[in-house]
Amino acid sequence: MSRYLRLSGLEPFTLTPDIPFVNVGERTNVTGSARFRKLIVNRDYAAALDVARDQVENGAQIIDVNMDEGLIDSKAAMVEFLNLIASEPDIARVPVMIDSSKWEVIEAGLHCVQGKSVVNSISLKEGEAQFREQAGLCLAYGAAVVVMAFDEAGQADTLARKTEICARAYGILVEEVGLPPEDIIFDPNIFAVATGIEEHNNYGVDFIEATRWIRANLPHAHVSGGVSNLSFSFRGNEPVREAMHAVFLYHAIQAGMDMGIVNAGQLAVYDQIDLALRQACEDVVLNRRADATERLLDLAERFRGGAREEKVRDLAWRDWPVEERLEHALVNGIVEFIEADTEEARQAADKPLDVIEGPLMAGMNVVGDLFGAGKMFLPQVVKSARVMKQAVAVLLPYMEEEKRRNGGTGRQSAGKVLMATVKGDVHDIGKNIVGVVLACNNYEIIDLGVMVPPQKILQVAREEDVDVIGLSGLITPSLDEMVHLASEMEREGFELPLLIGGATTSKVHTAVKIAPRYSGAAVHVLDASRAVGVVGALLSPAQQVEYVAGVRSEYAEVTARHERAERAKERLPLAKARANAMAIDWQSYAVPAPEFTGSRVIDDWDLAEIARYIDWTPFFQTWEMKGVYPKILDDEKQGEAARALFDDAQAMLARIIDERWFSPRAVVGFWPANAVGDDIRLYSDEGRREALATLHTLRQQHAKRPGRPNLALADFVAPEGSASDYVGGFVVTAGPEEVAIAEEFDRANDNYAAIMVKALADRCAEAMAEMLHERVRREFWGYAPDEAFRPEELIGEPYRGIRPAPGYPAQPDHTEKRTLFRLLDAEAATGVTLTESMAMWPGSSVSGLYIGHPDSYYFGVAKVERDQVADYAARKGWEIAEAERWLAPILNYSPRDAAAIAAE
């Protein structure tokens, strides 16, 4: 088994060679973030959790939590914050780095964290006895450790001191304490350079060379550091600091630094740093000149303030040889000249195929290398694919004619990949992006589209003799479809690799549910950037056996850890969970009646107004760009690509509005309602004598800290006989036009525009849901008539009430959509239909409920036990097996095991 650093929150994280650098989120550190410190001092833990959540959403693979502040009880704050994180699955999914200079704070934190954490830090500064004791405790708690290059004589500041201390610490940890070497992360101390003190000039070189020595001489150990320390001399000049950090990391990562506390949103792209500035920074970091500091100081003023001149269009490349022009067009996504240049290259070539296998593939290889190195981003790669497709379209007729005349052979691809969104699911943006990225790397893609039944997938796989099958899905029922298809592949004797991807999929689900059903390789692919490496390894005769064995070994560990973690989690019997329901004072609760009851179609939609309500952050996430809008536009690493993508989106959005590409529709309804146990009963009139429908809800069963309730959505609706309450519901859609428009772009070899129109349709539907909710609060229901938030403020949900949706964490049962759609007559009102798996078609549609109580908030039900499933089935009039089928992703038990026990 490979000796990789394995950490976990709710989800496992393995530091493999495929991950060149781990970004440790630094903003949940009171010593490094004034905002976070203020929140903790003021005990505003809700906002502090948002800081942690932002770190995770922005791509932090680990979050560093430090509470060392003189005005804070560090131990109590660490315990409280980590316990709060544990109840937030979207944060708790990543590992935690418990960061403190006080051992008692670290140990208190170790009592709280889920999974395998990192202790930051231990060192030899108090001597070997205490070092051994603390390291032994870290081992007992199952934590990895950051080891500072610090001993009884102080912090190591030279290469000799750094290597001496790290070697001594490594020997004690591995040979005496028994700590796995892959769980050791050395921090050889990054100190400030360019301070004017000659002794500091070699600090950057000393760290880089110490890193190189550690990776060569201390097997399996890792190297980390706090990068911002390097540039303290240039505080106030962010462009220079960012350039210094980028230069330093470029060399340190090459030397073996694989982790670091760094603000990834403020890193310049190494290749794009002004050449003079980059050379000056390298002179300082690498100590290449005696006058390096003075030269950087002289240059720094030119960059203060970060003003960037607008680029003037440069067409000098049009004078280059045609092969170089083709490469330039591919790398930069320029379609303007591609047809003429391709034709010129064809006329100069012996065969049209030579143009593809020569300059075009050479250009795409450059794109692939830049993408793999993090120097290009997904939108740019998709633009490159558009150029490639249009070039191939020029050559295709000539290639077909040549084949017809002399039986010439076609282009040799790297492999044939069949891709499909599984039966019952209509979402395909992510699948399409993966297909484009693979096509850019010379794979032939057979895309079967959406809602594809397993029989068709397997039939086409045989007919086309594909090398790999890739499955995608967004909604939770798709997980079961993937399990079923894996079982069918096994039954029919397939041996092809099976790729699993999509928003609801995970490595854990693939390891626990899918891989055991299929003797071939089943691999979870996190995102498009990983797909090429995974498929390449699976199809490589030299790598396949070792790679598949490594995946299986890893998945066996993931499964074992998952099973141990599930057994360790305390779950309450349903009766006890209900006894701990949220207590609300309903006697003093009064809410105005809605303007109307029943349903009403809303068709006065203005696309320009919808555009004002778009939340752009998820748009960038669709393109696998991590960051929060609008800050992502100024991100030094992604900013240029993000701005170009945003400009393209704005241009297409203007066409959508001007030419009315979409026809938005919506329906909204309200009904008198009261809670009856864990259900919400809707009535046909204000007399509440005749039940109209029942909305069924599920209750959290995991054990809670004292004072925290086990929630169900029914808790937020007044119980029967206590107060007159109401519940609303809605369905909105941007319209079905996106499908035909995207297909038209695809036929024109423009994947980029096809993906763009689907992404914008999704954003419009979400914006409509936000707009309609605002009208509900202010007008249709009217419980907040004076609300006056700006559209951009609504993203933070500062308003009263929630709009939970069936299939999402607060009510994971997708079949509750049937009741909602029947109440609203949604298909007739909007044209939105439900698939057999309860996905909405068209995909750019949103549905949900409205709950108006001011204490209501979003939560996740998480795993449930069989007693609740049986109770839920009885309430819905189902057999238990039917309930288990629809609730499969949240079951805390195996239905087969439960059935076997019941039969004994």
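Okay, so let's go over this structure. (Residues numbered from 1 in each chain as written. Predicted model: local features only at pLDDT ≥ 70, side-chain atom pairs only at ≥ 80, totals over all residues. Heavy atoms only, no water.)

Quick word on the side chain of arginine 571
No. 1: Its location among the elements puts arginine 571 in the loop between α21 (544–568) and α22 (574–579).
No. 2: Polar contacts involving the side chain of arginine 571 include one to the main-chain carbonyl oxygen of lysine 863, which spans 3.4 Å.
No. 3: Those residues in contact with arginine 571, other than ones at most four positions away along the chain, are Glu566, Gln701, His702, Lys863, Glu865 and Asn892. (Helix = DSSP H or I, 4+ residues; strand = E, 2+ residues; numbered from the N terminus. Polar contact = N/O pair within 3.5 Å; in protein donor to acceptor, adjacent residues only side chain to side chain. Contact = heavy atoms within 4.5 Å.)

Some thoughts on helix α6 (residues 128–141)
No. 1: Here α6 spans 20 Å end to end across 14 residues, near enough to the 20 Å set by a 1.5 Å rise per residue.
No. 2: Along α6, the positions that sit buried rather than exposed are Phe131, Gln134, Ala135 and Cys138. Buried residues of α6 fall within an arc of 100 degrees about the axis and therefore sit on the same side. Residues Ala129, Glu133 and Ala140 are exposed on α6 and point more than 90 degrees away from its buried face.
No. 3: Residues of α6 that are buried sit in contact with α5 (103–110), β6 (118–122), β7 (144–148) and α7 (159–177).
No. 4: At the C-terminal side of α6, glycine 142 shows a positive phi close to 80 degrees. (Expected span 1.5 Å × (residues − 1). Buried < 20%, exposed > 50% of the residue type's maximum accessible area, 1.4 Å probe, protein only. Arc of directions from axis to C-beta.)

A closer look at the sheet that holds β6
No. 1: Strand order across the open sheet formed by eight strands is β11-β10-β7-β6-β5-β4-β3-β12, with parallel pairing between neighbours. Among the strands making up the open sheet, the edge pair consists of β11 (222–223) and β12 (259–261).
No. 2: With four bridges joining them, strand β4 (residues 62–66) and strand β5 (residues 96–99) adopt parallel strand pairing. Its bridge partner being in β5, isoleucine 63 is matched across the sheet by valine 96.
No. 3: Where α5 meets the sheet, it contacts β5 and β6, and its direction lies at approximately 170 degrees from that of β6. (Pairing = 2+ DSSP bridges. Axes fitted to C-alpha atoms, helices over the stretch in contact; angles between N-to-C directions.)

Focus: the pairing of strand β10 (residues 184–187)
No. 1: On β10, burial covers both faces: Ile184 and Phe186 on one face and Ile185 and Asp187 on the other are all buried.
No. 2: As paired strands, β7 and β10 are joined by four bridges and run parallel to one another. Bridging across to β10, valine 147 finds its partner in phenylalanine 186.
No. 3: Two strands pair when backbone bridges link them, and β10 and β11 are joined in this way by two bridges, in the parallel orientation. The residue of β11 that forms the bridge with phenylalanine 186 is valine 223.
No. 4: What joins β10 to β11 is helix α8 (residues 203–217), and the crossover it makes is right-handed. (Right-handed = clockwise from strand over helix to strand, strands pointing away.)

Fair warning: the whole summary comes from geometry, so function is off the table for now.
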